[in-house]
Amino acid sequence: MYVKSDCPYENRTCYHELRFRVKKEILLDGEEYREHRTITGIEITDTKSEEELVQCIINELQGIMYNGISTNELCKILKEKLSVLEQYCCDLVQQLKIELDMYCPDRQHLYYVEARFS
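Residues numbered from 1 in each chain as written. Predicted model: local features only at pLDDT ≥ 70, side-chain atom pairs only at ≥ 80, totals over all residues. Heavy atoms only, no water.

Draft legend 1. Representation of the pairing of strand β6 (residues 109-112) in the model. Note that strand β4 (residues 69-70) and β6 share 2 bridges and pair antiparallel. Following the sheet pairing, Ile69 is matched in β6 by Leu110. If you look at the hairpin formed by strand β5 (residues 102-103) and β6, you'll find 5 residues sitting between the two strands, and Arg107 has a positive phi there, around 60 degrees. (Pairing = 2+ DSSP bridges. Helix = DSSP H or I, 4+ residues; strand = E, 2+ residues; numbered from the N terminus.)

Draft legend 2. Geometry of helix α3 (residues 86-99). For α3, with 14 residues, the first-to-last C-alpha span of 20 Å sits near the 20 Å given by 1.5 Å per residue. Along α3, the residues classified as buried are Tyr88, Cys89, Leu92, Val93, Gln95, Leu96 and Lys97. Buried residues along α3 sit in contact with β1 (2-6), β2 (13-29), α1 (50-60), α2 (71-82), β5 and β6. Just past α3, the residue Asp101 takes up positive phi, approximately 55 degrees. (Expected span 1.5 Å × (residues − 1). Buried < 20%, exposed > 50% of the residue type's maximum accessible area, 1.4 Å probe, protein only. Contact = heavy atoms within 4.5 Å.)

Spelled out as structure tokens, the structure:
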């Protein structure tokens, strides 16, 4: 899972990939089973700048992104495939639009800007 933070050394945004260790217990409560989970540890496995993360996303989404993809679908892909928290999806979609030279006229679908030659 990626979480966002401000870099303490530079004026930029960083994303940290976290790994959680979870202890799962199944408890017998009368005749019913209950599941109890406890976080036993959190580890930062990687740190990327916003630009580095966007480049990783672009590489990962080659063949998945298409002209006219909805921003909701892109956010869903970011959450499911790359473990990006929902609250950071909008920021990353904005960066992806810039990097991939896309625009969003209806604020719902992303389209590639096509070069027009006269």
